[in-house]
Amino acid sequence: MSPAEYRTVREACGLSLQAAAVLHGVPFQTVEGWEVGRLTVPTSAAGDLRTINARIERGAQMAVQIWEDSTATEPVMLVRYRSPDDYARRRDLGADLAWPCYEALVVRMMLALERAGATVRVEYA
């Protein structure tokens, strides 16, 4: 994975440099080094990001499929949380995405649903 690709996927997953460092278990400066090309992005780090990105994308596509299969005429309601603490307290059904990744999922679901023709509302939980 090139430095530019790493940064692009990291940002698409909603992760800051610091959050990516925590995810990979490395210092902040290491992730920064990957992104400027000073260090090579390890295969494991690239795989971690690709896995998260794929989960977010699957979630967005699943939202579209559910909407297309439904007969509902009301707007699709998506839920955001005001803070990481609020997300941690309220998430259910075994959701284990980090808060920034969940935020990226909401954005991707909203965009995918709108592209499919759905009316979408995003509200705070």
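Bear in mind that the values here come from a model prediction, so they are computed numbers and not experimental data.

Asks: Would you explain the overall build of the chain in this entry?
Replies: Secondary structure summary: the chain contains 6 helices and 2 strands in total. Along its sequence from the N terminus, the chain presents helices and strands in the succession α-α-α-α-β-α-α-β. Based on the C-alpha atoms only, the size of the chain along its principal axes is roughly 50 × 30 × 20 Å. Burial analysis of the chain (125 residues in total) assigns 32% to the buried set. At a minimum sequence separation of 6, the contacts of the chain that also span at least 24 residues come to 65%. Of the roughly 7500 Å² that the chain leaves accessible, carbon and sulfur atoms contribute 54%.

Asks: Please explain the packing of aromatic side chains as it appears in this structure.
Replies: For any pair of aromatic rings, the description rests on two quantities: the centre-to-centre distance and the angle between the ring planes. All told, the structure shown has 4 aromatic pairs when counted by the stated rule. Judged by centre distance (5.4 Å) and plane angle (75°), the ring pair of Tyr-6 and Trp-34 falls under edge-to-face. Of the two residues, Tyr-6 is situated in helix H1 (residues 3-12) and Trp-34 in helix H3 (residues 28-36); the sequence distance between them amounts to 28 residues. The pair Tyr-6 / Trp-34 is uniform in exposure class, with both members buried. Taking 4.9 Å as the distance between ring centres and 25° as the angle between the ring planes, the aromatic pair formed by Tyr-87 and Tyr-102 counts as stacked. Here Tyr-87 is found in helix H5 (residues 84-90), whereas its partner Tyr-102 is found in helix H6 (residues 99-116), with 15 residues between them in sequence. Ring-pair connections join several aromatic residues into one group, and the members of that group are Tyr-81, Tyr-87 and Tyr-102.

Asks: Before we go on, may I ask you to explain the nonpolar core in this structure?
Replies: Residues Tyr-6, Ile-56, Leu-78, Met-109 and Leu-113 are the most contacted members of the largest nonpolar core, which totals 32 residues. Residues in contact with Met-109, not counting those within four places in the same chain, are Gly-59, Ala-60, Ala-63 and Leu-78.

Asks: How should H3 be read in this particular structure?
Replies: Three or four residues apart is the spacing at which side chains of an α-helix point the same way, because the helix has 3.6 residues per turn. Every buried residue of H3 is accounted for by Val-31, Gly-33, Trp-34 and Glu-35. The inward-facing, buried residues of H3 abut H1, helix H2 (17-24) and helix H4 (43-69). One or two steps after H3, the chain reaches Gly-37, where phi turns positive at roughly 85°.

Asks: Looking at this structure, I do not really get the state of the cysteines. What am I missing?
Replies: In this structure the tally under the stated criterion is 0 disulfides. Cysteine Cys-13 remains unbridged, with the sulfur of Cys-101 as its closest cysteine sulfur at 5.6 Å. A relative accessible area of 0% places Cys-13 in the buried class. For Cys-101, a relative accessible area of 2% puts it in the buried group.

What counts as what
- Residues numbered from 1 in each chain as written.
- Predicted model: local features only at pLDDT ≥ 70, side-chain atom pairs only at ≥ 80, totals over all residues.
- Heavy atoms only, no water.
- Helix = DSSP H or I, 4+ residues; strand = E, 2+ residues; numbered from the N terminus.
- Buried < 20%, exposed > 50% of the residue type's maximum accessible area, 1.4 Å probe, protein only.
- Contact = heavy atoms within 4.5 Å.
- Areas by Shrake-Rupley, 256 points an atom, 1.4 Å probe, with all protein chains shown as cover.
- Phe/Tyr/Trp six-rings, centres within 6.5 Å; stacked < 30°, edge-to-face > 60°.
- Core = buried A, V, L, I, M, F, W, Y, C linked by side-chain atoms within 4.5 Å.
- Disulfide = S-S within 2.5 Å.

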